[in-house]
Amino acid sequence: MAHPMTVNISKDGKPVTDLQPYLATYAHLTSFHEGDQAFAHLSPADQGER
């Protein structure tokens, strides 16, 4: 099941516009579940508009 998520990156209150890909994508999200130490590593399905 997919759930959309939008992220805006800023520095000192101004949008960051010079992001470079890391491991072939512009975003990574890693989350951990405290109860059983499960984790998920997510990357965007597409690069979206820059």
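Residues numbered from 1 in each chain as written. Predicted model: local features only at pLDDT ≥ 70, side-chain atom pairs only at ≥ 80, totals over all residues. Heavy atoms only, no water.

**Description of the overall build of the protein chain**
Okay, so step 1: Tallying secondary structure elements over the protein chain gives zero helices and four strands in all.
Okay, so step 2: Mapped from its N terminus to its C terminus, the protein chain presents α and β elements in the order β-β-β-β.
Okay, so step 3: Counting every position in the protein chain, which comprises 50 residues, the buried fraction comes to 2%.
Okay, so step 4: Excluding contacts between residues fewer than 6 apart, the proportion of contacts in the protein chain whose partners are at least 24 apart in sequence is 15%. (Helix = DSSP H or I, 4+ residues; strand = E, 2+ residues; numbered from the N terminus. Buried < 20%, exposed > 50% of the residue type's maximum accessible area, 1.4 Å probe, protein only. Contact = heavy atoms within 4.5 Å.)

**A word on the pairing of strand β3 (residues 29-32)**
The two faces of a sheet get side chains in turn, since along a regular strand they alternate between them.
Okay, so step 1: Of the strand pairs in this sheet, β3 and strand β4 (residues 39-42) are connected by four bridges, and their pairing is antiparallel. Pairing of leucine 29 across the sheet is with leucine 42, part of β4.
Okay, so step 2: Linking β3 to β4, which pair antiparallel, is a turn of six residues; within it glutamine 37 sits at a positive phi near 60°. (Pairing = 2+ DSSP bridges.)

**Some points on the confidence of the model for the protein chain**
Okay, so step 1: Of all residues in the protein chain, 86% have pLDDT values of 70 or greater, and the mean over the chain is 80.
Okay, so step 2: Per-element mean pLDDT across the protein chain ranges from 83 in β4 up to 95 in strand β2 (residues 14-15). (pLDDT = per-residue confidence, 0-100.)

**As for unusual backbone geometry**
Excluding glycine, a negative phi dihedral is what most residues carry, and trans is how most peptide bonds are arranged.
Okay, so step 1: Phi is positive for aspartate 12, close to 55°, though the residue is something other than glycine.
Okay, so step 2: Here aspartate 12 shows up in the loop between β1 (10-11) and β2.
Okay, so step 3: Exposure remark for aspartate 12: the relative accessible area of 73% places this residue in the exposed category.
Okay, so step 4: Despite not being glycine, glutamine 37 has its phi angle at roughly 60°, a positive value.
Okay, so step 5: Here glutamine 37 falls in the exposed class, since its relative accessible area comes to 68%.

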